[in-house]
Number of protein chains: 2
Amino acid sequence: MDRMAYAAARATIGDSEFDRDTAVVARPDEPGTYDIDLSPGWTIIQAVNGGYLLAVVGRALRDALPHDDPFTITAHYLTASQPGPAVIRTETVRAGRTLSSGQASLYQTDAEGRETERIRVIAAYGDLGALPDDVRTSATPPVMPGYADCVGSEDAPEGSGPVPGSTAILDRLDLRLDPATAGWAIGAPSGAGDMRGWLGLADGRDHDALSVLLAVDALPPTAFDLGLKGWVPTVELTVHLRCRPAPGPLRVALTTRNLAGGLLEEDAQVWDSADRLVAQSRQLARALLA
Amino acid sequence: MDRMAYAAARATIGDSEFDRDTAVVARPDEPGTYDIDLSPGWTIIQAVNGGYLLAVVGRALRDALPHDDPFTITAHYLTASQPGPAVIRTETVRAGRTLSSGQASLYQTDAEGRETERIRVIAAYGDLGALPDDVRTSATPPVMPGYADCVGSEDAPEGSGPVPGSTAILDRLDLRLDPATAGWAIGAPSGAGDMRGWLGLADGRDHDALSVLLAVDALPPTAFDLGLKGWVPTVELTVHLRCRPAPGPLRVALTTRNLAGGLLEEDAQVWDSADRLVAQSRQLARALLA
């Protein structure tokens with residue numbers, strides 16, 4: 001495809017796979033309550049991706065609160081979500097002039113009609129566009145090869161890596177890993193606990209505040225780079241969103257420095273094409289044996 | 001005082017200023033609801049310290065939940081707390097075998113009898129003593145002088161520093177700063193955004209899981225090391241507690257790497273005398289002009 005045809009085919013913010021799959025529908029008779037059909041397109045093995053779930057709940061809170069952007073948002077993952085219908089109930093905790101606070105829970109109903117809480121979220125929203133433009137960042141962007149010199153899942157040997165099976169989410173992402181952190185796919189993890197890559201969306205949609213919530217939890221887990229092979233379920237994930245991302249793929253750098261007692265932290269830095277630190281996140285996850 | 005007399009005079013976990021000032025009283029007729037008298041002993045200027053508040057709410061959750069230790073705990077600071085009576089309402093979100101999740105809010109009542117929410121907390125509790133003893137920490141303890149070569153507030157020149165006024169909390173802490181991060185007290189901040197120190201409790205009580213919640217927010221703000229002089233109110237604070245601290249003062253190292261748009265992150269690492277990384281925390285704070 002030549003460049004102009006590619007540009008014409010690119011999805012846009014508001015009209016893309018990500019936007020359709022995070023669309024929440026307000027119940028007219030229940031203020032603050034939203035329905036969503038969790039898409040099977042964002043699963044890894046059987047599990048709905050935690051970043052996608054956070055983006056879904058973040059979108060409901062954006063609708064419910066007077067501000068658009070999650071400055072800080074924390075999710076506790078209580079039970080594993082399944083693709084299919086879910087309901088989100090939001091609560092406006094405090095509506096201030098520059099910051100508003102809200103809480104939300106996402107529930108799914110089982111075959112016996114029992115409602116189970118999947119994820120509980122608390123957040124403070126504001127307007128990133130209204131912040132003063134002072135920037136005194138001493139953090140530096142991750143040192144990694146350019147997009148073209150990183151590796152996609154199509155470069156991996158057949159059946160390689162610790163997660164064979166359905167990885168639908170990879171079809172929705174434009175993910176290219178730094179080869180230095182991709183050794184686990186051929187049985188040679190670095191042991192450092194790092195994971196770095198370029199992250200776009202497969203349909204060419206640029207990032208916005210909501211898709212950054214997906215971005216912080218979209219790379220393979222750092223545990224793979226530590227030589228662990230099992231599932232790494234998130235207990236809690238907190239994201240600080242610090243500016244709106246510039247167009248183009250993001251650079252996402254994950255690090256784990258404390259694997260102990262069967263638990264590990266996973267820190268993410270997200271940088272945009274303008275070399276701005278867009279987001280910082282940290283999650284606490286469990287390291288399960290394979 | 002000789003060493004034996006000093007040892008005899010030391011407060012112990014369960015019988016100390018910190019324990020008395022965080023004592024929550026369960027209402028017999030309202031399960032999960034607790035009364036507390038917020039002590040004026042943990043204020044800085046007029047504000048009740050955010051780490052003390054988190055410890056108070058964390059203690060109520062310890063009582064309400066089936067597990068003792070906050071593995072991950074997030075607080076949103078909604079309005080400024082005052083010394084005096086407060087009520088804490090807890091909710092058990094999910095009680096699992098190894099992890100339980102809970103939520104709590106602390107309220108105070110104003111002169112007109114209106115209840116105002118001060119802080120909302122969500123947490124996952126477990127049993128740190130029951131974790132497997134694997135440790136693969138690649139983080140390293142902060143490089144800083146020994147306790148005797150760090151500086152206490154008694155070493156500061158009269159009226160120095162950006163926070164003259166009542167600092168009651170300093171009487172409860174045994175805080176000694178790395179001189180490299182104390183230059184702000186004489187008008188010479190390093191500009192790096194670092195703050196490091198040894199932190200004990202003034203009455204000699206050793207640290208436990210709850211006092212670590214205090215420890216992550218007990219040092220002067222990194223903003224002082226960046227040359228800012230105003231108040232730095234916390235929007236949100238998340239603490240991951242990873243092991244029970246060994247006896248003796250803790251080393252607390254704070255860093256800020258992204259001051260932008262009037263907001264900054266403050267990361268803390270807490271190390272114990274056994275060189276274990278006890279806790280990691282991050283807060284999002286506002287940088288207000290002096």
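Residues numbered from 1 in each chain as written. Chains lettered and ligands numbered in written order. Predicted model: local features only at pLDDT ≥ 70, side-chain atom pairs only at ≥ 80, totals over all residues. Heavy atoms only, no water.

Enquirer: Can you explain the relation of the copies chain A and chain B? Please cite residues and give values.
Expert: When chain A is fitted to chain B, the best match, at an RMSD of 0.0 Å, comes from turning it 180° and sliding it 0.0 Å along the axis. The operation mapping one copy onto its partner corresponds to a two-fold rotation axis. Take the interface residues of chain A: 100% of them recur as interface residues in chain B, which is what a same-surface contact looks like. (Least-squares fit on C-alpha atoms with pLDDT ≥ 70 in both. Contact = heavy atoms within 4.5 Å.)

Enquirer: Describe in detail the packing of aromatic side chains, supporting the description with residues and values.
Expert: Under the defined criterion, the tally for this structure stands at eight aromatic pairs over all chains. Taking 5.6 Å as the distance between ring centres and 10° as the angle between the ring planes, the aromatic pair formed by Trp 42 of chain A and Tyr 52 of chain A counts as stacked. Of this pair, Trp 42 of chain A sits in the loop between β2 (33-38) and β3 (43-44) while Tyr 52 of chain A sits in helix α3 (residues 50-64), and the two are 10 residues apart along the sequence. Exposure class is identical for Trp 42 of chain A and Tyr 52 of chain A. Each is buried. If you follow Arg 176 of chain A out to its NZ or CZ, it ends over the ring of Tyr 147 of chain A, 5.1 Å from the centre. Between Arg 89 of chain B and the ring centre of Tyr 107 of chain B, over which it is positioned, the NZ or CZ distance is 5.0 Å. (Phe/Tyr/Trp six-rings, centres within 6.5 Å; stacked < 30°, edge-to-face > 60°. Helix = DSSP H or I, 4+ residues; strand = E, 2+ residues; numbered from the N terminus. Buried < 20%, exposed > 50% of the residue type's maximum accessible area, 1.4 Å probe, protein only. Lys NZ or Arg CZ within 6 Å of the ring centre and 35° of its normal.)

Enquirer: Tell me about the domain arrangement of chain A, and name the residues and values.
Expert: All names here are of chain A. Segmentation of chain A into domains returns domain 1 (3-127) and domain 2 (149-286). The C-alpha-based centres of domain 1 and domain 2 are spaced at 20 Å. Tallying the contact residues gives 38 residues for domain 1 and 32 residues for domain 2. Overall, the association of domain 1 and domain 2 removes approximately 3000 Å² of surface from exposure, summing both partners, and the carbon and sulfur fraction of that is 57%. On the surface where domain 1 and domain 2 come into contact, there are six salt bridges. In terms of residue count, strand β5 (residues 69-77) provides more of the side of domain 1 that touches domain 2 than any other element does, nine residues in total. Split into classes, the residues belonging to the side of domain 1 that touches domain 2 amount to 17 nonpolar, 13 polar and eight charged. (Domains from an automatic or database assignment. Buried area = accessible area lost by both parts, 1.4 Å probe. Salt bridge = Lys/Arg side-chain N within 4 Å of Asp/Glu carboxyl O. Nonpolar A, V, L, I, M, F, W, Y, C, P; charged D, E, K, R; others polar.)

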